[in-house]
Structures are given as C-alpha cells and as structure tokens.
Amino acid sequence: MSKLGQVVEAVEKYNRFVLDQVKRARTDGKFGRELINRWNETKAKTPVTHTPTGLPLPRLALPEIDEPGEIARYLFGEGLPGEFPFLNGAYREMYLEPVREIEWSSYGKNADKNDAAAGVSPANRSKVRPTRPPLQEEPTRLFSGLMLAEDTNERFHYLTQHQRTHRLSTAFDGPTLYGIDSDADGVSGKIGEGGVAIDTVEDMVRLYDGFDLGSPNFSASMTISGPAPIIMAMYIAAAKRRFGPKVVPKLRGTIQADIFKEVQAQNETIFPIEASLRFLTDMVEFTTREMPRWYPISISGYHIGEAGSTPVQQAAYTLSNGFAYAEMFAARGIPVDQFGPRLSFFLDCGLDAEYIALARVSRRIWAIGMRDAYGAGLHGQLFKLHIQTSGRSLIAAEFKNNLTRTAAELMLAYMNATNSCHSNSADEPFTTPSEEWIRLAAHGQAILLEESGIFKHTMNMLSGSPGMKAVERAVEAAILDEFREIERLGGVLAAVEDRFQRSQIQNAAHRYEQQIYDGTRPIIGLNRYRNGTDDIPEVKLARTPRAKQQLQADRLRKFKKKNAEKAKRALDKLVDVVERGENCFPALLDAVEVSSLGQITGRLQEAVGRFRPMV
C-alpha cells in the first residue's frame, strides 16, 4: 500500500474515532462533563464585539448545543478554528477586525464578574482571559503581469496604494512560462502578452523595484511551474542585489512549481517529469533550509479546475499530488516537520454546490493524512490555502454579469476560510485586465471583508448549516473514492504516466460544455435570458507595443554580450553538478547572475532532455 492508501485508511479510521468519542461522551459521565466544561469555558472566554449599529456578537460563533455527544462530534469531527482537524479554519481568528478599545475596557471592567459566572478560579484567569489580537494581514492577494517588468511594477504600485500589506502575485508571458528567451526565433509577438516578460535577473530587479522584499509586510507569489527553480533563483539574486545576502532568510512568498498539475491539466512542461521533479526537490531542499518564510511549492488545483475537472476531481488530484510531493521530499531526507509547514495549496472557486465546502473538506483530509500517515506535527498539518475565483466561469456575453459571478465566488471562498484570495476581473474573457476592472475586482473583496459585517465581527458566521454538512459528507466520500482509484493504478506518478488524471479532466470538460450546449447548466446571458444580440462589446485590449517588445529583446542581447564568458563557465558548472547528481540549486543561483532564462533552460535540456506531451 502506498502512502495515499494509508491516507484513505487514516481518514476512515479518524471518522470511526469521532463516532467512538460521541458514544463515549454519552455513556461516560466523567468524560461528558469534561467536554461540557470545556465547551462552556470556550464560550465564556470568547470576547464580545459590537457591530456599528450596536449589536453585540461573540468573536466566535458556536452551535447552541449542550448534549455531550454533539459537543464531541463538533470538537473532534470539526475542531474549533485553529484546532485539529481544522475544518473551520487553519487559524483561531481570520478576517476579524481588532476588538475596539472600548470593548476591551468593558471586558476588563467586568472580567471578575464574567469569570465568576463562568466558574473560573482567580488562579486560572490569566489562562482564560483573551489577549488582544494583533492587526491581521489582509487576505487579498493582488495579481498582475503585463508587458515589461517596469509596466507590471507600475501596476503593482497602483494596486497596493491603499493596502497596508503588499501581497503580490505575478503572471508571466508565454515565452517565460516555457523557459524561452525574448530574442528567440518566432516569439517576438508573444513578448509581454498575457503576462510579464522576464529573461534575466535585471528584469527581476525592475519587476519589484520600490518594494521592500525583506519586509514582514511584503510577500511575492509567482505563477510559474516548468522553469520555477530558475525564476526562484532569479528572485533570490535580485533581492540580494538590492538588499544584500542577509535578506534571503527574510523573503516571504511562494512560487507555484507544481509539475504534476502541469502534466495533468496542461500536458506541458519543459523537462521530462523525472528531471522536473528532481529540480523541484533541489529547490525545496535549499529553500526549506535557507528561507524559513518561503513556500517553495503551491500545489495547484486551480489549473486542473480551469482545464475542465469537476470540483471533486480538482480537490482529489490536488490533495493526492500534495501527498505525493510529501513522500518525494521525505525520500530525499528532508524532515516532514521542515517541509510540511512550507507546503501551500491553490484552488479555484466556481459556482457549483461543491464549493460551499470543498476547501473545508480538503483542509480536514490534509490534516488527518499528514498527521497519521506522515507523522507531521501541528504546523505540517495545516492546509495553507490560496483561492482564486473561477476564470472559467467568466464569459464574454453580457460580461458585466461577471462582477456578480465573482462576488458570489468570493463569498464561497471566504466561507471556506481561505488564507488568501484573488478575485478575477470582469473583462478577462477579452484581455489582460485594465486598471478600471482590476480595481473593481479588488474592491469586491474589500466590500465583502471591510464594508459588510459578514466576516469581520465573528468567526464561523456562516459555517455549519445542514446543507453545508451534507455537502461536506458527500465531497469527502467522493474524494476518498478518487484516492482509491489512483491507489489502484499504483499511485500518483503511475496514474500520471497512464494519463488517468488528464483523461478524467478531459471527460469532465466535455460534459461541462455539453451541459451548457443543451441548457442543463444555465449560464445567464449566454443560454438563458439573452438580450437577443451577439454584438461584441467595446473593450479596450491590452497589447504590448512593438517598441516595448523590441526593447526587451535589445536588453537581453546586451546582457548576453556583457556576460558571455561568465555565462559559459557558470552553465558548464551547472551541467556538471546536474550530471554528478548533486543539488543543483546553489549552482543555479550562480548561473542566473550572468545567464538568461533561455540559456539556462537550453543547457539543462541538453543534459536531461525535453518533456514529450502525452497523447
């Protein structure tokens, strides 16, 4: 049995454990009283906040139950926010406003009376009374990538002008995603289209100019997988150029680097699978040791969902890929409690019913699997999640309706207690988002989190409805069924080589399109309530001017000419390290100082070969 099979057994065993605890709470009087006391104590020490209209609300909403069995079912089956198995959230408080001074003063004034009513002794008051929460980091992650590095940098500064924390996510253009230089034959028209062109460490310096990369209030996310180790090395090199070598342990952020989803969802990467996974593991080994605040892989279901999978397939393949990476990193000798806390995840959020609980269930399965099958400690059990609203749900027909679609998806994402979130722009069916539409997309999150009171006063405001629980049970069972099929095929890598995940995604995508065509999946403005016209709206398209594309190619040629001899030596050293089977990431850090992305990719492909798309 592989580790994935052990995960299935662990989840099933844990579910039986929860039922045993429910039974024990109802038959063992002492245990039942302990649970009731813990429940009442939790309620008693929960601070009360007030809405702008004066309505008092607890900072944590709990179900109104007093029967020991149901309390056991909640505490063990779901967990309080920040407690195993983390169904209700990875952390104790998320999105909440800091409690206002007057409320803390009121709590302190009445603390003795509150403690006495709750049966708390004077000796235990310091353990029960809440501590003042710090100002929390905004969960909004701002995504951009267009034209050249300085153009994206300008957009980043525009987007963050009202943000107290700068959480930037970067999209790269097609040539960069495939490790191709901007001066390569046939790519000039693609430079800076759909993302930013990055060829050298000098481009990376320009990309984040003006941002303090070592600040605790800054984090960078980079949406790239095939050449991820090279881009990661460029980011480190750029940070060192600006802030010196001591900045490296301070760097915060994540890089996607997910090879399994590249093959499953997109049937493309730049090196053979085995070599790609090796380069990824080299990077993880280095960053885990040297960069304790960096997430070296974002295990991505988003692209699986966008390629056409069902929500359950997206979650199942993402989780199983995560467990496969954990097994791979452990086999390298990296301790699970070193790499486990540095794994992060990325899901999309559409409008299907499964999304009301998809991330909640994923968080629970991951926690149980990592604890019981991999032996991970608390921090390695946490499912650190970024959600992006569904690009596939955005349509060109009456495209302004996309604002409503995205708003509904944001609500679902925050109901699932995502750690960070990106909202898509309404004009994305046509173009790279303009400033107007990307501002409206970001404001959608601000309205939900800051203007509305849905999430900022109380944790668990919308959790635990009968419908949500029904979806949770159905989704968990369906994910475990997917795990069993992958296990039957020999595990994740064997299933990938057998094209299992890719074929299932393609079948689901076909069903999705067929449902739109025959009307069983209503799309407002497209196959239902159309306004009777197929006129294409006037939307300004973002295009990279020819002069900018030429500038990028000229800069690159100048960089290559200046570093020609140094690049040859650095690339020879890199290939030598690869062929000796050593960790190549330190040599990669040297190579990016004097070599371009395309030069490095080309030499590595000579050494290890190219990926052949599966047919």
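Scroll up to find the structure.
Just so it is clear, the model here is predicted, and its values are computed rather than measured.

**Side note on unusual backbone geometry**
A cis geometry characterises the amide bond from Phe84 onward to Pro85, with omega recorded as 0°. Structurally, Pro85 can be placed in the loop between α3 (68–77) and α4 (101–109). If you check the backbone angles, Phe86 has positive phi at about 65° while not being a glycine. Looking at where Phe86 falls in the secondary structure, it is placed in the loop between α3 and α4. One non-glycine residue, Ala257, lies in the positive phi region at around 60°. If you trace the backbone, Ala257 turns up in the loop between β6 (253–255) and α11 (259–266).

**Description of the sheet that holds strand β9 (residues 343–349)**
Pairing is parallel in the open sheet, where four strands are placed in the order β8-β9-β10-β11. Bordering the open sheet on either side are β8 (297–300) and β11 (420–422), each of which pairs with just one other strand. Within the sheet, the average angular offset between the axes of one strand and its neighbour, ignoring direction, is 25°. Sheet topology note: the β8/β9 ladder contains four bridges and is parallel. Within the sheet, the bridge partner assigned to Ile297 lies in β9 and is Leu343. Each of β8 and β9 touches helix α14 (residues 311–332); the most contacted strand, β8, lies at about 145° to it.

**Overview of the pairing of strand β5 (residues 218–223)**
The buried fraction of β5 amounts to six of the six residues, a majority that puts the element mostly inside the structure. In this sheet, β5 lies alongside strand β4 (residues 166–171) in parallel orientation, the contact comprising six bridges. Bridged to His166 within β5 is Phe218. Pairing geometry for β5 and β6, over three bridges, is parallel. Bridged to Ser221 within β6 is Thr254. Handedness of the crossover joining β5 and β6 through helix α10 (residues 228–243) is recorded here as right-handed.

**Comments concerning the sheet that holds strand β3 (residues 142–144)**
Spatially, five strands are ordered β3-β4-β5-β6-β7 in an open sheet, and the strand pairing comes out parallel. With partners counted over all chains shown, the strands left at the sheet margins are β3 and β7 (294–295), one partner each. Running over the sheet, α10 touches β5, β6 and β7 and is turned about 155° from β5.

**Some remarks on the pairing of β9**
Of all seven residues that make up β9, seven are buried, and the element is covered over most of its length. Burial along β9 is two-sided: Leu343, Phe345, Leu347 and Cys349 and Ser344, Phe346 and Asp348, pointing in opposite directions, are all buried. With six bridges joining them, β9 and strand β10 (residues 384–389) adopt parallel strand pairing. Within β10, the position partnered with Phe346 by the bridge is His386.

**Some thoughts on the packing of aromatic side chains**
Within the structure shown, the criterion is met by 28 aromatic pairs. Ring centres of Tyr95 and Phe455 lie 6.0 Å apart, and the angle between their planes is 85°; on these two criteria the pair is classed as edge-to-face. Residue Tyr95 is found in the loop between α3 and α4, and its partner Phe455 is found in the loop between α19 (435–451) and α20 (466–488); the two are separated by 360 residues along the sequence. Phe455 carries the same exposure label as Tyr95, and that label is buried. Geometrically, the ring pair formed by Phe286 and Phe585 is tilted, given 4.9 Å between the ring centres and 40° between the ring planes. Taken as a pair, Phe286 in helix α12 (residues 273–290) and Phe585 in helix α25 (residues 585–591) lie far apart in primary sequence, 299 residues in all. A single burial state applies to Phe286 and to Phe585, both of which are buried. One aromatic cluster is present, built from ring pairs that chain together Tyr14, Phe17, Phe31, Phe76, Phe84 and Phe86.

**Some remarks on the environment of Trp437**
Relative to the elements of secondary structure, Trp437 occurs in helix α19. For Trp437, a relative accessible area of 11% corresponds to the buried category. Remark: the alpha-carbon pair of Trp437 and Val577, spanning 140 residues in sequence, is separated by 47 Å. Apart from residues lying up to four places away in sequence, Trp437 is in contact with Phe399, Lys400, Leu403, Ser425, Ala426 and Asp427.

**A closer look at helix α18 (residues 402–415)**
An α-helical turn contains 3.6 residues, so a residue and the one three or four places further along point in the same direction. The terminal C-alpha atoms of α18, which comprises 14 residues, lie 20 Å apart, in line with the 20 Å expected from a rise of 1.5 Å per residue. Taken as a whole, α18 has its buried residues at Asn402, Arg405, Thr406, Glu409, Leu410, Leu412, Ala413, Tyr414 and Met415. Along its buried surface, α18 packs onto β9, α16 (358–372), β10, β11, α19 and α20. At the exit of α18 stands Ala417, carrying a positive phi of roughly 60°.

**Comments concerning the side chain of Arg502**
By the secondary structure assignment, Arg502 is in helix α22 (residues 500–518). There is no salt bridge for the buried Arg502, and the closest opposite charge comes from Glu268, which lies 9.2 Å off by N-O distance. In this structure the side chain of Arg502 is engaged in a polar contact, spanning 3.5 Å, whose partner is the backbone oxygen of Gln264. Leave out the neighbours within four places in its chain, and Arg502 touches Val263, Gln264, Ala265, Gln266 and Asn267.

Criteria and cut-off values
Residue numbers restart at each chain and count upward from 1, following the sequence in its written direction. Where local features are concerned, this predicted model is filtered to residues with pLDDT of at least 70; where side-chain atom pairs are given and counted, the filter is 80 or more; whole-chain, interface and lining totals use all residues. Values reported for side chains reflect all heavy atoms of the structure, with hydrogen atoms and water molecules removed beforehand. Each helix is a run of DSSP H or I of at least 4 residues and each strand a run of E of at least 2, with the numbering of both proceeding from the N terminus. Think of it this way: DSSP has to see at least two bridges between two strands before they count as a pair. Each axis is a line fitted through C-alpha atoms, and for a helix only the stretch in contact is used; angles between axes span 0 to 180 degrees, taken between their N-to-C directions. In what follows, a contact means two residues having at least one pair of non-hydrogen atoms within 4.5 Å. Residue exposure (1.4 Å probe, protein chains only): buried if accessible area is under 20% of the type maximum, exposed if over 50%, otherwise partly exposed. Place the viewer so that the strands point away; then a crossover is right-handed whenever the path from the first strand over the helix to the second strand goes clockwise. Pairs were defined over the aromatic rings of Phe, Tyr and Trp, the Trp ring being its six-membered one, requiring ring centres within 6.5 Å. Orientation was assigned from the angle between planes: stacked under 30 degrees, edge-to-face over 60, tilted for the rest. Multiply 1.5 Å by the residue count of a helix minus one, and that product is the helix's expected span. All tallies of charge rest on Lys and Arg as positive and Asp and Glu as negative; His and the ends of each chain are not included. Salt bridge, as used here, is a side-chain nitrogen of Lys or Arg placed within 4 Å of a carboxyl oxygen of Asp or Glu. In protein, a polar contact requires one atom able to donate a hydrogen and another able to accept it; more generally it is a pair of N or O atoms within 3.5 Å, and residues adjacent in sequence count only if both atoms are side-chain atoms.

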